[in-house]
Amino acid sequence: GESVGLHLPTLSVQEGDNSIINCAYSNSASDYFIWYKQESGKGPQFIIDIRSNMDKRQGQRVTVLLNKTVKHLSLQIAATQPGDSAVYFCAERSVKGFQKLVFGTGTRLLVSP
Amino acid sequence: EAGVAQSPRYKIIEKRQSVAFWCNPISGHATLYWYQQILGQGPKLLIQFQNNGVVDDSQLPKDRFSAERLKGVDSTLKIQPAKLEDSAVYLCASSFGASPYTDTQYFGPGTRLTVL
């Protein structure tokens, strides 16, 4: 399948390890954030979201942390599996204006068996 | 539930030619989006429709790109004439509404355009 990006930052982990993917956002007016997973040849897939009135949200094997002070969010994946290998994007959205979703630069996660 | 459908999946054209992409959103979704994803970058919104009306086309290069959603369901995105820098994956997404908190965008598989 097609590679989403050839020059993306890459995080390589072993199966079973915990993974942490970081993202810095730019707009202090953004108050809603989403993590997407994009596998080769596919469109982005929603993983988890968080509103700016929260600093942590947990899903199944995933946790998102939000630090508004430094405009940073992270995605933690527990017990990483080979099926988690993909490019991960954070996206920010402001509830003002057109509520456009703005994607950040992705991170490629490679999971070795 | 069927996902967002896009066609074609791949297209190769020469510069200055025209090309059109088609998108069929998830049934019942009023909001439709077209994104451009250049290799190595995140998707960038080109245009957003609410039913058959344009909500945001501020990043659409209107001298060469056009999009329509005449009946509020399917949509087409056209490029005429194409330039080398238009080589990218064109993603269509849809959501039930446009609420920032509750309306998740669901993406199609995309159309990969190569302009030679």
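The rules we used
Residues numbered from 1 in each chain as written. Chains lettered and ligands numbered in written order. Predicted model: local features only at pLDDT ≥ 70, side-chain atom pairs only at ≥ 80, totals over all residues. Heavy atoms only, no water. Disulfide = S-S within 2.5 Å. Helix = DSSP H or I, 4+ residues; strand = E, 2+ residues; numbered from the N terminus. Buried < 20%, exposed > 50% of the residue type's maximum accessible area, 1.4 Å probe, protein only. Phe/Tyr/Trp six-rings, centres within 6.5 Å; stacked < 30°, edge-to-face > 60°. Contact = heavy atoms within 4.5 Å. Buried area = accessible area lost by both parts, 1.4 Å probe. Polar contact = N/O pair within 3.5 Å; in protein donor to acceptor, adjacent residues only side chain to side chain. Nonpolar A, V, L, I, M, F, W, Y, C, P; charged D, E, K, R; others polar. Pairing = 2+ DSSP bridges.

Student: Explain the state of the cysteines to me, and be specific about the residues and the numbers.
Tutor: Any covalent bond linking the sulfur atoms of two cysteines counts as a disulfide. Applying the stated rule across the entire model yields two disulfides over all chains. For C23 of chain A, the disulfide goes to C90 of chain A, at an S-S distance of 1.6 Å. Here C90 of chain A lies in strand β8 (residues 86-93) and C23 of chain A lies in strand β2 (residues 19-24), a separation of 67 residues in the sequence. Per residue, the accessibility class of C23 of chain A equals that of C90 of chain A, and both read buried. Through a disulfide, C23 of chain B is tied to C92 of chain B; the S-S separation comes to 1.9 Å. Handedness here is read from the sign of the S-S torsion; for C23 of chain B and C92 of chain B, about -70°, the answer is left-handed. Taken together, the positions of C23 of chain B in strand β3 (residues 19-24) and C92 of chain B in strand β9 (residues 88-95) put the pair 69 residues apart, joining distant regions of the chain. With respect to class, C23 of chain B is no different from C92 of chain B; both count as buried.

Student: Could you give an account of the packing of aromatic side chains, with specific residues and numbers?
Tutor: The description of two aromatic rings rests on the distance between their centres and on the angle between their planes. Throughout the structure, instances matching the rule amount to eleven aromatic pairs over all chains. Judged by centre distance (6.4 Å) and plane angle (85°), the rings of Y36 of chain A and F46 of chain A are edge-to-face. Of the two residues, Y36 of chain A is situated in strand β3 (residues 32-38) and F46 of chain A in strand β4 (residues 45-51); the sequence distance between them amounts to ten residues. Taking relative accessible area as the criterion, F46 of chain A reaches 29% and is therefore assigned partly exposed. Here a set of aromatic residues connected by ring pairs shows up, and it is made of Y36, F46, F89 and F103 of chain A together with Y33, Y35 and F107 of chain B.

Student: For the interface of chain A and chain B, give the residues involved together with the corresponding values.
Tutor: Contacts between chain A and chain B engage 26 residues on the former and 28 residues on the latter. Between chain A and chain B, roughly 2200 Å² of surface is buried when both sides are summed, and carbon and sulfur atoms account for 55% of that area. The interface formed by chain A and chain B holds three residue pairs in polar contact (both at pLDDT 80 or more) in total. Where the side of chain A that touches chain B is concerned, the elements lending two or more residues are β3, β4, β8 and β9 (101-103) of chain A. The class makeup of the residues in the side of chain A that touches chain B is twelve nonpolar, seven polar and seven charged.

Student: Before we move on, could you go through the pairing of strand β8 (residues 75-79) of chain B and cite the residues and values that matter?
Tutor: Residues and elements named next belong to chain B. Where burial is concerned, the two faces of β8 differ: the one with S75, L77 and I79 is buried and the one with T76 and K78 is not. Here β3 runs beside β8; their pairing, made up of five bridges, is antiparallel. Residue pairing in the sheet places A20 in a bridge with K78 of β8. Pairing analysis gives four bridges linking strand β7 (residues 65-68) to β8, with the strands arranged antiparallel. When the sheet's bridge partners are listed, S66 is paired in β8 with K78. Turn length for the β7-β8 hairpin, with the two strands adjacent in sequence and antiparallel, is six residues, and the turn residue G72 shows positive phi of about 75°.

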